[in-house]
There are 2 protein chains.
Amino acid sequence: MIKCVKCGEVDAIAKSGIVRGKQRYYCGKCDYYFTLSSEQPLTINHKRHPATILDIARELQISKSTVSRALHGHSDINEQTRKAVLETARRMEYQPNLLAYGLAKNKSMTVGIIVPEFINSFFPFIIIGAQEVANPAGYHVLICQSNESYPTEVANTNVLLSSRVDGLLVSLTGETPNIDHFKKFERAGIPVVYFNRVCKDTNVSQVIVDDYDGAFKGVVHLIENGCRRIAHIAGPPNLQISQNRLKGYLDALAQHGIEKDDSLIVSYDLNPQQATLCAKQLFDLPTPPDGLFAVNDPAAIAAMLVAKERGIKIPEELAVVGFSNEPTSALIEPGLTTLAQPMGDIGRTAIKMLFDQIESEDHETIEPETRVLKTTLIVRGSSLKHK
Amino acid sequence: MIKCVKCGEVDAIAKSGIVRGKQRYYCGKCDYYFTLSSEQPLTINHKRHPATILDIARELQISKSTVSRALHGHSDINEQTRKAVLETARRMEYQPNLLAYGLAKNKSMTVGIIVPEFINSFFPFIIIGAQEVANPAGYHVLICQSNESYPTEVANTNVLLSSRVDGLLVSLTGETPNIDHFKKFERAGIPVVYFNRVCKDTNVSQVIVDDYDGAFKGVVHLIENGCRRIAHIAGPPNLQISQNRLKGYLDALAQHGIEKDDSLIVSYDLNPQQATLCAKQLFDLPTPPDGLFAVNDPAAIAAMLVAKERGIKIPEELAVVGFSNEPTSALIEPGLTTLAQPMGDIGRTAIKMLFDQIESEDHETIEPETRVLKTTLIVRGSSLKHK
DNA sequence: CACACTATTGCAAACCATTGCAGGGTTGTA
DNA sequence: TACAACCCTGCAATGGTTTGCAATAGTGTG
């Protein structure tokens, strides 16, 4: 029979509905509603939970505030107490719960970084640069891959928002039409620094390389090596890098009296296969190009492979210049002439700017800043027609 | 003058020390100690904090429990209430606070992954495989780079422990002597799955490829292509992959009646520069090798570059076989014959095994399992002496 | 109307660490 | 002796979410 939880009475019990699948009872004697506690006898889950400051406090018979202060080397702590706490913490393998810390301090000690991909070495180098600065500062980095997909990028922003990152580093996808989805961070007071692939919006902090200058140098180099019909595999038009590199290409041509030929400019969405298609399209032209400037190394390499397949000699029949200087560019044959970007510096600079904003009391007052790094032309076999 | 905070009295006030830099007062009348509250008139920091369920609750004049239940589609929620909550949440750009969630549920929805590096494409492909499974399941992946350094690996484990990851994927560094530092996870009930680079400890879950078989196939391939003095650039001895690939190499030789020559086996610590040194050492031998089996592609490629430098013809004078099939192996000239590893599968399999353990009620009862995937010999120019 | 029962909602504890303030004990000094 | 100053420690609220249980309103039935 059912006994009342309060008075122990059996007779005055009446059923009174079912709540969330459980029978509810009513004791008429003490006017008390109740449901029987969970069937399983509440065997406390003895899975050893990680030690908390409370465990340390209990062990030492002190209060958790004291433990907390001891662990953080706060002032106003007796040296012996501090020693004892530290020792006990070590013994109990105490690891602070970053979730609780984050909740209490409203600071997750995490920064997010969204990159389009990390199969090529370009972004990994940047990430490593960023981590070199973040980790010693006690921050860790949550890496998201947008996979060159705008919806994925938006999804990433929500994940990072949920994770309450303290700041965000972003390089946009080739199809990101605008940066509205990053305005959420602004509204939440979370600083954002864009790098490499940025949007036209100038009211943000960003770290870029001098794409115009790099492209200009690369194309001039091709011209100096005797190229007259120089093609360009251009990046997606939404990105500044594409626009600026295209501009550098065009200006270099113009300054050397070479007429622009629209059929020599093909657009590439950063998808590997598409680079191959672009190259084929160029080589199929009635008068194929004798030089090629690609918006990045993977595209240049893809074009080189197509050229090889077709027996087009590099650099004699086609001189090629890429952009970024990924490690593979040195391995391929002939070596790919390219514009080296200081990838580690990009990462380090971007995250330092981010930390400046995080640490400034009032993010609003920080002036958005654009940091421009230089590229270096690395000359290899792919462009040297007359050695 | 100073007024008592309790009784408002002015005369009975006495100074009583300074606490943490602030003057403390004592009211003799009501026997009460106090310090004056912070000078700044407590202007509530109006930085718009992200919306919480409490904000939604206030907006809708309901309790936060109801909001929580509505957001999670729990039963026992009025359809209209649910709609209203969802709508308000959308309007307020509500993003659940994962820190608070994690604290409450004791579940961070995060899994950690420790890799030695991610400059080469090998680990990135595995990570992508893992994310393909993790992200749709609502988990995110905290990527740590041990940078082939044992102390860094240990540091990584502590970070991940602090972050209260729900599970861990690990590929060891070349210098990790034992896996004691992962026992912490076991003690905390956090499942760990090792992949690719594992230790001899058999009492753990792991995903590996059949290294012995791959190495055997690769070396047999070299023998069939006429090599008789086959060198081996071996990995660090602490790793199973090194041991098994070495064993496959030795057995292949033995089965084909080729005497083992210790001078042909050099050890490589996975450091890029060291691979070059190893190659030089081999090529400097009185009787240099006519075939080379390297423990991984980067080492094979490094050796190929040294060979080129020295005018050693590949494959005529030296046939080369690598391991892993990284994208670069197809780009280099001649193409590198190698044993393809199913990298995406490794990542997917490993994280699925991890999830199985995470989701099982009682991790202890899970039998450690070793999943072995197959390698495929990819034949390219680097090994075909007689075409 | 009394009662059983359903559907829905609210209350409060719990998760763990931080921190402002209260208040204890002790030392120094006039 | 009285009081200022110091040193140290504890209490309790806070942060955002989940969830067991209590409680309410409403519905149906005899």
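Residues numbered from 1 in each chain as written. Chains lettered and ligands numbered in written order. Predicted model: local features only at pLDDT ≥ 70, side-chain atom pairs only at ≥ 80, totals over all residues. Heavy atoms only, no water.

Description of the interface of chain B and chain A
In step 1: On the chain A side, the residues contacting the 46 residues of chain B number 46 residues.
In step 2: Buried surface at the junction of chain B and chain A, both sides included, amounts to about 4600 Å², of which 57% is carbon and sulfur.
In step 3: It is L99, I119 and R164 of chain B that lose the most area in chain B upon contact with chain A, and together they represent 15% of the buried surface on that side.
In step 4: A salt bridge links E333 of chain A to K308 of chain B; the shortest N-O distance between them is 2.5 Å.
In step 5: Applying the counting criterion to the chain B and chain A interface returns 18 residue pairs in polar contact (both at pLDDT 80 or more). (Contact = heavy atoms within 4.5 Å. Buried area = accessible area lost by both parts, 1.4 Å probe. Salt bridge = Lys/Arg side-chain N within 4 Å of Asp/Glu carboxyl O. Polar contact = N/O pair within 3.5 Å; in protein donor to acceptor, adjacent residues only side chain to side chain.)

Side note on the sheet that holds strand β5 (residues 140-145) of chain A
All names here are of chain A.
In step 1: Strand order across the open sheet formed by 6 strands is β5-β4-β6-β7-β8-β14, with parallel pairing between neighbours. Every other strand in the sheet has two partners, leaving β5 and β14 (370-373) as the edge strands with one partner each. Across this sheet, the average inter-strand angle for adjacent strands is 15 degrees, counted without regard to direction.
In step 2: Here 3 bridges tie strand β6 (residues 167-170) to strand β7 (residues 192-195), and the two strands are oriented parallel to one another. From the neighbouring strand, L169 faces β7, where its bridge partner is V193. (Pairing = 2+ DSSP bridges. Helix = DSSP H or I, 4+ residues; strand = E, 2+ residues; numbered from the N terminus. Axes fitted to C-alpha atoms, helices over the stretch in contact; angles between N-to-C directions.)

Digging into unusual backbone geometry
In step 1: Here the amide bond leading from I314 of chain B into P315 of chain B is cis, since omega sits at 5 degrees, within 30 degrees of zero.
In step 2: The omega torsion of the bond from E333 of chain B to P334 of chain B falls at -5 degrees, within 30 degrees of zero and hence cis.
In step 3: Mapped onto the fold, P334 of chain B is located in the loop between α12 (328-331) and β13 (337-340).
In step 4: Here the phi dihedral of S324 of chain A falls at roughly 125 degrees; this positive angle occurs in a residue that is not glycine.

A look at the relation of the copies chain B and chain A
In step 1: Of the transformation superimposing chain B on chain A, the axial component is 0.0 Å and the angular component is 180 degrees, with the fit at an RMSD of 0.1 Å. Put plainly, the chains are arranged around a two-fold axis.
In step 2: Take the interface residues of chain B: 100% of them recur as interface residues in chain A, which is what a same-surface contact looks like. (Least-squares fit on C-alpha atoms with pLDDT ≥ 70 in both.)

Quick word on the side chain of N238 of chain B
In step 1: By the element assignment, N238 of chain B lies in the loop between β9 (230-234) and α9 (240-255).
In step 2: With sequence-adjacent residues up to four places away left out, N238 of chain B is seen in contact with T173, G174, E175, T176, V198, K200 and Q243 of chain B.

Here's the deal with the packing of aromatic side chains
In step 1: Following the criterion strictly, the structure yields 14 aromatic pairs over all chains and no others.
In step 2: Where F182 of chain A meets Y194 of chain A, the ring centres are 5.7 Å apart and the plane angle is 85 degrees; that geometry is what we call edge-to-face. Placement of the pair is F182 of chain A in the loop between β6 and α7 (183-187) and Y194 of chain A in strand β7, with a sequence separation of 12 residues.
In step 3: Ring centres of F122 of chain B and F123 of chain B lie 4.9 Å apart, and the angle between their planes is 75 degrees; this geometry places the pair in the edge-to-face category. Across the pair, exposure class does not vary: F122 of chain B and F123 of chain B are buried alike.
In step 4: Taken together, the aromatic side chains of F122, F123 and F195 of chain A make up a single cluster linked through ring pairs.
In step 5: Its guanidinium or amino end placed over the ring of F323 of chain A, R245 of chain A lies 3.7 Å from that ring's centre, counting from NZ or CZ. (Phe/Tyr/Trp six-rings, centres within 6.5 Å; stacked < 30°, edge-to-face > 60°. Buried < 20%, exposed > 50% of the residue type's maximum accessible area, 1.4 Å probe, protein only. Lys NZ or Arg CZ within 6 Å of the ring centre and 35° of its normal.)

A few points about the side chain of Q206 of chain A
Residues and elements named next belong to chain A.
In step 1: When you line up the elements, Q206 lands in strand β8 (residues 205-209).
In step 2: Take Q206: its relative accessible area is 5%, and that puts it in the buried class.
In step 3: Apart from residues lying up to four places away in sequence, Q206 is in contact with V193, Y194, V198, C199, D201, M353, E369, T370 and R371.

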